[in-house]
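If you want the building blocks of each chain, they are given just below.
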Amino acid sequence: MRIGFGYDVHKLVKGRPLIIGGVEIPHEKGLLGWSDADVLLHAIIDAMIGALGEGDIGAHFPAGNPEYKGISSLKLLEFVNELLRTRGYSIANIDSTIVAEEPYFAPHIPEMRRVIAAKLEIPESAVNVKGKTEEKLGFTGSKKGIKAYAVCLVHKEIK
């Protein structure tokens, strides 16, 4: 078994959709980034790559590369899941936390779990997503950005 830890942060800006966990969430602002800036999926991807000991999301999908401009992070998640499988690993579970003052994520979490589990071809029970505020502290507390943390436990497939 191996474990990986992931973290990501993006600035909130007007004029972009807010996509978290592969789900578009109604909000006046979205996240700024080279891809769709899905902070939760980026943290999960980083955790998966970390569990493999193969660097980070930026090493695999560098910002500035035209191939990834505006790409759905669900597509990046597919790529990393394939990498994980080619290395002979399966996901045991993912635990993640979104940190933002707003919007309120609880109504969207069941759909996020469904989308992530389906894309990774694992049971929904293996994907946990939590939403937390920062009690109005820091850049997330002042509604300037959103961050996410994730851990991913993987195990070697027995053949």
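Residues numbered from 1 in each chain as written. Predicted model: local features only at pLDDT ≥ 70, side-chain atom pairs only at ≥ 80, totals over all residues. Heavy atoms only, no water.

- The protein carries the name 2-C-methyl-D-erythritol 2,4-cyclodiphosphate synthase in an unreviewed UniProt entry, which gives candidate division WOR-1 bacterium RIFOXYC12_FULL_54_18 as its organism.
- The UniProt entry for the protein carries the following comment under Subunit (unreviewed entry): "Homotrimer."
- Per UniProt, the protein carries the Pathway (unreviewed entry) text "Isoprenoid biosynthesis; isopentenyl diphosphate biosynthesis via DXP pathway; isopentenyl diphosphate from 1-deoxy-D-xylulose 5-phosphate: step 4/6." (UniProt positions renumbered as here; feature names shortened; annotations may be inferred.)

1. Some words on the nonpolar core
- I20, M112 and I146 are the most contacted members of the largest nonpolar core, which totals 48 residues.
- Of all elements in the fold, only β2 (18-20), β3 (23-25), α1 (39-52), α3 (73-86), β5 (89-99), α4 (109-120), β6 (127-132) and β7 (145-156) reach the threshold of two or more residues within this core.
- The biggest single contributor to this core is α1, with 11 residues.
- With sequence-adjacent residues up to four places away left out, M112 is seen in contact with I20, G21, V23, I25, L40, I98, F105 and V129. (Core = buried A, V, L, I, M, F, W, Y, C linked by side-chain atoms within 4.5 Å. Buried < 20%, exposed > 50% of the residue type's maximum accessible area, 1.4 Å probe, protein only. Helix = DSSP H or I, 4+ residues; strand = E, 2+ residues; numbered from the N terminus. Contact = heavy atoms within 4.5 Å.)

2. Details of the UniProt feature "binding site: 4-CDP-2-C-methyl-D-erythritol 2-phosphate" (unreviewed entry) in the protein
- Using the residue numbers shown here, the UniProt feature "binding site: 4-CDP-2-C-methyl-D-erythritol 2-phosphate" (unreviewed entry) corresponds to D8, V9, H10, D56, I57, G58 and F139. Their sequence span is 132 residues, while the largest C-alpha to C-alpha distance among them is 23.5 Å; these annotated residues do not converge on one region.
- Excluding residues that lie within four positions of it along the chain, D8 makes contacts with V39, H42, A43, I146, K147 and A148.
- Here H10 takes part through its side chain, which lies 2.8 Å from a polar atom of the side chain of D8.
- Along the chain, V9 turns up in strand β1 (residues 2-13).
- In this structure, V9 is in contact with V39, F139, I146 and K147, ignoring residues within four places of it in sequence. (Polar contact = N/O pair within 3.5 Å; in protein donor to acceptor, adjacent residues only side chain to side chain.)

3. As for the side chain of S35
- For S35, the position within the fold is in the loop between β4 (30-31) and α1.
- Note on S35: relative accessible area 8%, which makes it buried.
- Within the structure, S35 has its side chain in polar contact with the backbone nitrogen of A37 (distance 3.1 Å).
- Here S35 is in contact with R16, H42, Y68, G70, I71 and S73, once residues within four sequence places are set aside.

4. Describing the packing of aromatic side chains
- Here the structure, examined in full by the defined rule, presents four aromatic pairs.
- Ring centres of F5 and Y149 lie 6.2 Å apart, and the angle between their planes is 35°; this geometry places the pair in the tilted category. Here the residue F5 occupies a position in strand β1, and Y149 occupies one in strand β7, the gap between them amounting to 144 residues.
- With a centroid separation of 5.3 Å and 85° between ring planes, the pair formed by F61 and Y68 is classed as edge-to-face.
- In this structure F61 comes out as buried when scored by relative accessible area, which is 12%.
- The positively charged end of K69 is found above the aromatic ring belonging to W34, 4.5 Å away from the centroid. (Phe/Tyr/Trp six-rings, centres within 6.5 Å; stacked < 30°, edge-to-face > 60°. Lys NZ or Arg CZ within 6 Å of the ring centre and 35° of its normal.)

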